[in-house]
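Fold and geometry: a report
What follows is each chain in one-letter form.
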Amino acid sequence: MPGKPVPKYEARALDAETWPDFEHLVEANNGVWGGCWCMWYHGKEEGSGSSPAEKRKAKECRVREGRAHASLVFHGKDCVGWCQFGSPDELPRIHNQRAYLAADPTLPDWRITCFFSGKGHRGTGVASAALEGAIGQIRKLGGGRIEGYPEDIEGRKASPAFLFNGTLSTFERLGFERSRKIGKHKWVVTLTL
């Protein structure tokens, strides 16, 4: 019996033109995780203790100034998800940072830090489309070494709420290679363009 057909998705860059689409998706999903607006990775001074409204304003400012990058995923005219990426200067925070820094790593050119799929679109390939879009945007921005920090869910059940860094299988399917573990199920993966 054939599986459900995979929806046709298109990836576009987050910028001033697509901001309203991103904004609508975030607002339709409770500000994402209760109002974070995907600001945590930008650093402590960037709204981590702020209200959702302040985080929204800070994110919009960064987008309009070209200091926030993401691959937005569209299904028709609707934005249904994204993948955030940027340089380590743009996104200085990652989860499991102490374990990450213990290896005294050479920082990558780019980090993939966060994924989100809107209600009704989870488990339909949004994360893969978003990651493909991010890779394409990074290539256009000059390429380099990309790191991701996904969760290995093989052989275990994992709540989608804990998969905001993506899954290891999604990254590996798109050519990323395992570098090292930084948590019980968390990996550093790399791809060089």
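These remarks concern the structure in this document. Residue indices follow the written sequence of each chain, beginning from 1 at its first position. At least 70 in pLDDT is required for a residue's local features to be given in this predicted model, at least 80 for side-chain atom pairs to be given and counted, and no such filter applies to totals for whole chains, interfaces and linings, which use all residues. As a rule here, side-chain values come from all non-hydrogen atoms in the structure, and water together with hydrogens is ignored.

A word on the overall build of the protein
A tally of helices and strands in the protein yields five helices and seven strands. For the protein, the N- to C-terminal ordering of α and β elements is β-α-α-β-β-α-β-α-β-α-β-β. As a reference, a globule follows 2.2 Å times the number of residues to the power 0.38, and the radius of gyration itself is taken over C-alpha atoms. In terms of C-alpha radius of gyration, the protein reaches 16 Å, essentially the compact-globule figure of 16 Å for 193 residues. By its C-alpha atoms, the protein is 50 × 40 × 35 Å across when sized along the principal axes. Type-normalised accessible area, obtained with a 1.4 Å probe on protein chains alone, sets the label of each residue: buried when under 20%, exposed when over 50%, and partly exposed for intermediate values. Buried positions account for 50% of the 193 residues belonging to the protein. For accessible areas, the Shrake-Rupley method is used with a probe of radius 1.4 Å. Any residue's cover is judged against the shown protein chains and nothing else. Split by element, the accessible area of the protein, about 10000 Å² in all, is 52% carbon and sulfur. Only DSSP runs of H or I with at least four residues qualify as helices, and only runs of E with at least two residues qualify as strands; both kinds are numbered from the N terminus onward.

Considering the environment of Ala68
Position of Ala68 among the secondary structure elements: in the loop between helix H2 (52–64) and strand S2 (69–75). Counting along the chain gives 26 residues from Ala68 to His42, while the straight-line C-alpha distance between them is 8.6 Å. Ignoring anything within four residues of it in the chain, the contact list for Ala68 reads Leu14, His42, Lys59, Arg62, Val63 and Glu90. Residue contacts are defined here by distance: any two heavy atoms, one from each residue, within 4.5 Å place the two residues in contact.

A closer look at the nonpolar core
With 23 residues, the main nonpolar core has Leu14, Phe22, Leu72 and Trp82 as its most contacted residues. Secondary-structure elements contributing two or more residues to this core are helix H1 (19–28), H2, S2, strand S3 (78–86) and strand S4 (110–117). A total of four residues in this core trace back to one element, the largest contributor, which is H1. Among all residues touching Leu72, those that are not within four sequence positions of it are Glu10, Ala11, Arg12, Ala13, Leu14, Thr18, Phe22, Cys79, Gly81 and Trp82. Membership of the second largest hydrophobic core comes to 22 residues, among which are Tyr9, Val73, Val80 and Trp110. Side-chain atoms within 4.5 Å are what join buried Ala, Val, Leu, Ile, Met, Phe, Trp, Tyr and Cys residues into a set we call a nonpolar core.

Examining the packing of aromatic side chains
Ring geometry is summarised as follows: Phe, Tyr and Trp rings, the Trp one being its six-membered ring, pair when their centres sit within 6.5 Å, and such pairs are stacked at plane angles under 30 degrees, edge-to-face over 60 and tilted between the two. Counted according to the given criterion, the structure contains 10 aromatic pairs. Ring centres 5.4 Å apart and planes at 45 degrees place the aromatic pair Trp19 and Phe22 in the tilted group. In this pair, Trp19 and Phe22 both sit in helix H1, three residues apart, roughly one turn of the helix. For the pair formed by Trp19 and Phe22, the shared burial category is buried. Relative to Trp37, the ring of Phe22 has its centre 6.1 Å away and its plane inclined at 65 degrees; by these criteria the two rings are edge-to-face. Placement of Phe22 in helix H1 and of Trp37 in the loop between H1 and H2 is noted, with a sequence separation of 15 residues between them. Comment: the charge-over-ring label is applied if NZ (Lys) or CZ (Arg) is within 6 Å of the ring centre and within 35 degrees of the ring normal. Sitting above the plane of the Phe74 ring, Arg12 keeps its charged end 3.8 Å from the centroid.

Side note on the pairing of strand S5 (residues 145–148)
By the bridge criterion, three bridges tie S4 to S5 in an arrangement that is parallel. The residue of S5 that forms the bridge with Trp110 is Ile146. Consider the strands pointing away from the viewer: the crossover is right-handed when the path from the first strand over the helix to the second runs clockwise. Handedness of the crossover joining S4 and S5 through helix H4 (residues 126–140): right-handed. Note that S5 and strand S7 (residues 187–192) share four bridges and pair antiparallel. Paired with Glu147 across the strands is Thr190, a residue of S7. When DSSP finds two or more bridges between two strands, those strands count as paired.

Structural notes on the sheet that holds S5
With respect to topology, seven strands assemble into an open sheet ordered S1-S2-S3-S4-S5-S7-S6, the strand pairing being mixed. Lying at the two open borders of the sheet, with one neighbouring strand each, are strand S1 (10–13) and strand S6 (177–181). Pairs of neighbouring strands in the sheet enclose a mean axial angle of 30 degrees, with direction left out of account. On top of the sheet, H1 reaches S2, S3 and S4; it is set at about 105 degrees to S3, its chief contact. Fitted lines through C-alpha atoms serve as axes, helices being fitted only where they are in contact, and the angles separating the N-to-C directions of these axes extend from 0 to 180 degrees. Across the sheet, H4 lies against S1, S2, S3, S4, S5 and S7, angled at about 150 degrees from S4, the strand it touches most.

Notes on H1
When we look at burial in H1, the residues that qualify are Trp19, Phe22, Glu23, Leu25 and Val26. Taken around the axis of H1, the buried residues stretch over an arc of 165 degrees, which confines them to a single face. Looking at the buried side of H1, the elements it contacts are H2, S2, S3 and S4. With its phi angle positive at about 55 degrees, Asn30 sits one or two positions after the end of H1. Directions from the helix axis toward the C-beta atoms define the arc.

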